[in-house]
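Residue-level structure breakdown
One-letter residues, chain by chain:
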Amino acid sequence: MASEAAGMESGAAGMESGAAPTEAAKQPHRLERKWTFWFDNQSKPKQGAAWGTSLRKAYTFETVEEFWCLYDQIFKPSKLPANADFHLFKAGVEPKWEDPECANGGKWTVASSRKGNLDTMWLETLMALIGEQFDEADEICGVVASVRQRQDKLALWTKTATNEAAQMSIGRKWKEVIDVTDKITYSFHDDSRRERSVKVRYNV
Ligand code: MGP
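The notes below deal with the structure included here. (Residues numbered from 1 in each chain as written. Predicted model: local features only at pLDDT ≥ 70, side-chain atom pairs only at ≥ 80, totals over all residues. Heavy atoms only, no water.)

A few points about the packing of aromatic side chains
Counted according to the given criterion, the structure contains 17 aromatic pairs. Ring centres of Phe-75 and Phe-86 lie 4.9 Å apart, and the angle between their planes is 65°; this geometry places the pair in the edge-to-face category. Placement of Phe-75 in the loop between helix 3 (64-73) and strand 3 (84-90) and of Phe-86 in strand 3 is noted, with a sequence separation of 11 residues between them. Exposure class is identical for Phe-75 and Phe-86. Each is buried. Aromatic pair Phe-86 and Trp-122: ring centres 6.4 Å apart, planes at 25°, arrangement stacked. You can see Phe-86 sitting in strand 3 and its partner Trp-122 sitting in helix 4 (residues 115-130), a full 36 residues away along the chain. Across the pair, Trp-122 and Phe-86 agree in class, each one buried. Ring pairs connect the aromatic residues Phe-37, Phe-39, Tyr-59, Phe-61, Phe-67, Trp-68, Tyr-71, Phe-75, Phe-86 and Trp-122, which therefore count as one cluster. Across the ring face of Phe-188, the terminal group of Arg-201 is positioned such that the distance to the ring centre comes to 4.2 Å. (Phe/Tyr/Trp six-rings, centres within 6.5 Å; stacked < 30°, edge-to-face > 60°. Helix = DSSP H or I, 4+ residues; strand = E, 2+ residues; numbered from the N terminus. Buried < 20%, exposed > 50% of the residue type's maximum accessible area, 1.4 Å probe, protein only. Lys NZ or Arg CZ within 6 Å of the ring centre and 35° of its normal.)

Structure below.
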């Protein structure tokens, strides 16, 4: 998949200049780190099944070209049924409170009022993540797009919930990335583990 996309790109570059593409132009563009797309379809839950039973690791990638193929072909939230999620997490980090990288973390959440808007905010977030646009990139675990009957939402999961300065910096940057001016809220996974109602710890 990666070589297919890279081939298309170098072909176009070759046509422009009228010359054969250089070796460098043929190389896929490697990202700073590997990322994994996940998928969770809870639209037909099995009775009594524990949370996470329908969560699936889908693809791990490390080049720009692979990312665009995966995004175009599969990972658009508008393709999801209700009660399903897409996740993009750093490779090696599972999108679960139980993962050691997430265990002491939390999430910034933004609701999406219009359908098309979720796709746009998701794509802008994905590009900012794989392009390492956040100053506190080490603090980030990944992002989740959730399609729900009530209201779709995006959640940016971070690592150290008690590090307020880091979370505020991430929250501010994320709002710029997704072009949101309304307040967004941060909750601790620890609180969510204890009670269902969302306890807002920070907002920005
Ligand atoms: P949620 O992430 O708070 O909201 O999870 P969601 O799925 O958007 O809820 P909805 O009501 O809008 O559909 C809801 C519930 O799923 C939690 O209260 C937990 O019971 C369970 N759950 C969610 N997550 C992310 C986890 C997790 O990481 N680990 C475990 N064990 N349970 C989870």
